[in-house]
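Residue-level structural notes
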Protein chains: 2
Amino acid sequence: MINFPIKKTAQFVPINKQVTNSKARLGMLFEEMINASNQFYLAKGIAVIHKKPTPVKIVKVDYPSRQHARIVEAYYTVPSTTDYNGIYRGKYIDFEAKETSSTTSFSLRNIHEHQVRHLADITLQGGIGFLLVHFTSKQETYLLPYSILKEYWEGAKHGERKSIPYQVFVTRCTSVKHGFQPQVEYIKAIDEIYF
Amino acid sequence: MINFPIKKTAQFVPINKQVTNSKARLGMLFEEMINASNQFYLAKGIAVIHKKPTPVKIVKVDYPSRQHARIVEAYYTVPSTTDYNGIYRGKYIDFEAKETSSTTSFSLRNIHEHQVRHLADITLQGGIGFLLVHFTSKQETYLLPYSILKEYWEGAKHGERKSIPYQVFVTRCTSVKHGFQPQVEYIKAIDEIYF
């Protein structure tokens, strides 16, 4: 009986929508861990890094009362940058957090072309850009520097594989420890690579 | 007859809502000028600065088709940071754009406490934080460095005036030129103050 409401919902949801929803839930968990870590870094005066709001195109707004505006029609839009940015040790930090259920590789389909371009732009300006990639089944997270992402992104454009092998993360990227506070110790990984 | 639809809408809108809407429209214009300037700076490889999406709390989403999600209930939420951030000459840049129809002062009510705290946080980390204040009736824009904002913000807390006089902008802040491209030349003002 406990599962009844969930099952009831599920039977009205198309199959590919279920996948999306479950992916979204997993995504939310990793995202929440990063957000909590950012709060910790902020409270300790270590770094100021925030998640950008989800980009939404607002079409229609109602005013049920003078004080409150209710958005009644809006749509998700494709983000033009990455999800996270901020400052650490005087440096501009910019990254996207992604997770994959694959145990063998990270598909480049997880990233948008303009997000890669954005990371290129900020790297050119002297910023630190990367991806945090979480392998859910292994419970492992890696910091993938833009330089390595770029290598595989350009390779894929020239007909090479459209994913980054898990072994590349193990051998060439920096492992991000999971802890109690912060939950995702990615600042330590930044220290190792960029300072 | 041309104005009829506008008038019709107006008569159903409470007076203070009209003010809000007209302020929102003015705000949008200055915001659009900054966004266009940012596109110019980006295209020229001068700076990478983006506006963050409007923060919205999404409550209910419908799926009219498999491909499209339609948000049918959402609310505006108070932003926890400023509207704009990015990188210029290797430095982290962070600012809020505000405009006022006043000719004599800029009211501190235009800013949230946590936005001031955010500017304090990023300044501590070595970032460049400020407000771009546009006096609509004068068509003048000024870069108000966090240091001066802080002075008046703390003064207001201790019972002093809750606004910054226009003369302070003229005498102590840096004027931001308006041009064709970029429309708001705030990078030049950053150069003058911070480099």
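Residues numbered from 1 in each chain as written. Chains lettered and ligands numbered in written order. Predicted model: local features only at pLDDT ≥ 70, side-chain atom pairs only at ≥ 80, totals over all residues. Heavy atoms only, no water.

1. Considerations on the overall build of chain A
- On a plain count of helices and strands, chain A comes out with 6 helices and 10 strands.
- Evaluated residue by residue, chain A yields a buried proportion of 43% over its 195 residues.
- In chain A, the share of contacts with a sequence separation of at least 24, taken over all contacts with a separation of at least 6, comes to 63%.
- Only carbon and sulfur atoms are counted for the fraction: they give 54% of the accessible area of chain A, which is about 10600 Å². (Helix = DSSP H or I, 4+ residues; strand = E, 2+ residues; numbered from the N terminus. Buried < 20%, exposed > 50% of the residue type's maximum accessible area, 1.4 Å probe, protein only. Contact = heavy atoms within 4.5 Å. Areas by Shrake-Rupley, 256 points an atom, 1.4 Å probe, with all protein chains shown as cover.)

2. With respect to the confidence of the model for chain A
Residue and element names in this part refer to chain A.
- Looking at chain A, pLDDT values average 88 and 86% of them are 70 or higher.
- Low confidence marks residues 1-23, where pLDDT is under 50. Its contacts with residues over four positions away, or in another chain, come to 9 contacts.
- For this predicted complex, the interface score ipTM comes out at 0.83, while the overall pTM is 0.84. (pLDDT = per-residue confidence, 0-100.)

3. Things to note about the packing of helix α3 (residues 113-124) of chain B against helix α4 (residues 146-157) of chain B
Residues and elements named next belong to chain B.
- Between α3 and α4, the least distance of the axes is 11 Å, while the angle of their chain directions is 135 degrees. Classed by the angle they form, the pair α3 and α4 counts as oblique. Read as a crossing pair, α3 and α4 show a hand that is left-handed. Along the contact surface, α3 presents E113, V116, L119, A120 and T123, while α4 presents Y146, L149, W153 and K157.
- Looking at the contact of α3 with α4, its residues break down into 6 nonpolar, 1 polar and 2 charged. (Axes fitted to C-alpha atoms, helices over the stretch in contact; angles between N-to-C directions. Parallel < 35°, antiparallel > 145°, perpendicular 65-115°, else oblique. Left-handed = near helix turned anticlockwise from the far one by under 90°. Nonpolar A, V, L, I, M, F, W, Y, C, P; charged D, E, K, R; others polar.)

4. Quick notes on the packing of aromatic side chains
Residues and elements named next belong to chain A.
- Overall, the coordinates contain 25 aromatic pairs over all chains when judged by the stated rule.
- Ring centres of Y84 and F95 lie 4.8 Å apart, and the angle between their planes is 5 degrees; this geometry places the pair in the stacked category. Here Y84 is found in strand β4 (residues 84-88), whereas its partner F95 is found in strand β5 (residues 91-100), with 11 residues between them in sequence.
- For F95, a relative accessible area of 0% gives the class buried.
- Here F135 and F169 contribute two aromatic rings whose centre-to-centre distance is 5.1 Å and whose plane-to-plane angle is 80 degrees, an arrangement assigned as edge-to-face. Pair noted here: F135 is in strand β7 (residues 128-135) and F169 is in helix α5 (residues 166-172), with a separation of 34 residues, a long-range link.
- Classification of F135 by relative accessible area gives buried; the value is 0%. (Phe/Tyr/Trp six-rings, centres within 6.5 Å; stacked < 30°, edge-to-face > 60°.)

5. With respect to unusual backbone geometry
- Here Q181 of chain A and P182 of chain A are connected by a cis peptide whose omega angle stands at -5 degrees.
- Of note, P182 of chain A is situated in the loop between β10 (174-176) and α6 (186-194).
- Positive phi is not limited to glycine here, since R89 of chain A has a value of about 50 degrees.
- As for its placement among the helices and strands, R89 of chain A is situated in the loop between β4 and β5.
- The backbone of Q139 of chain B shows a phi angle near 55 degrees, a positive value even though the residue is not glycine.
- Inspection of the secondary structure puts Q139 of chain B in the loop between β7 (128-135) and β8 (140-145).

6. Focus on the pattern of salt bridges
Residues and elements named next belong to chain B.
- One pass over the structure, following the stated rule, counts 12 salt bridges over all chains.
- A salt bridge links E31 to K51; its shortest N-O distance comes to 3.9 Å. One end of the pair, E31, is in helix α2 (residues 15-43); the other, K51, is in strand β1 (residues 47-51), and 20 residues separate them in sequence.
- Here K188 ties to E185 by a salt bridge, and the two come within 3.1 Å at their closest N and O atoms.
- Given a relative accessible area of 49%, K188 falls into the partly exposed group. (Salt bridge = Lys/Arg side-chain N within 4 Å of Asp/Glu carboxyl O.)

7. Side note on the relation of the copies chain A and chain B
- Between the two copies, chain A and chain B, the superposition gives an RMSD of 0.0 Å; the rotation angle is 180 degrees and the shift along the axis is 0.0 Å. Expressed as an axis order, the relation between the two copies is that of a two-fold axis. (Least-squares fit on C-alpha atoms with pLDDT ≥ 70 in both.)

8. What about helix α4 (residues 146-157) of chain A?
All names here are of chain A.
- Between its first and last C-alpha, α4 extends 16 Å over 12 residues, near the 16 Å set by a 1.5 Å rise per residue.
- By the burial criterion, the buried members of α4 are Y146, I148, L149, Y152, W153, G155 and A156.
- A positive phi of about 90 degrees marks G159, the residue just after α4. (Expected span 1.5 Å × (residues − 1).)

9. Considering the interface of chain A and chain B
- Contact residues are listed per partner, giving 43 residues for chain A and 43 residues for chain B.
- Summed over both partners, the interface of chain A with chain B comes to about 3400 Å²; 61% of that surface belongs to carbon and sulfur atoms.
- It is R66, I71 and Q125 of chain A that lose the most area in chain A upon contact with chain B, and together they represent 19% of the buried surface on that side.
- Remark: the boundary between chain A and chain B carries 0 salt bridges.
- Joining chain A to chain B, the criterion identifies 13 residue pairs in polar contact (both at pLDDT 80 or more).
- When contributions to the side of chain A that touches chain B are tallied by element, the ones reaching two or more residues are α2 (15-43), β1 (47-51), β2 (56-62), β3 (70-76), β4 and α3 (113-124) of chain A.
- Ranked by the residues each element gives to the side of chain A that touches chain B, the list is headed by β3 of chain A, at 7 residues.
- As defined by bridge partners, β3 of chain A adjoins strand β3 (residues 70-76) of chain B across 2 bridges and the pair is classed as antiparallel. Across the sheet, the residue bridging to A74 of chain A is I71 of chain B, located in β3 of chain B. (Buried area = accessible area lost by both parts, 1.4 Å probe. Polar contact = N/O pair within 3.5 Å; in protein donor to acceptor, adjacent residues only side chain to side chain. Pairing = 2+ DSSP bridges.)

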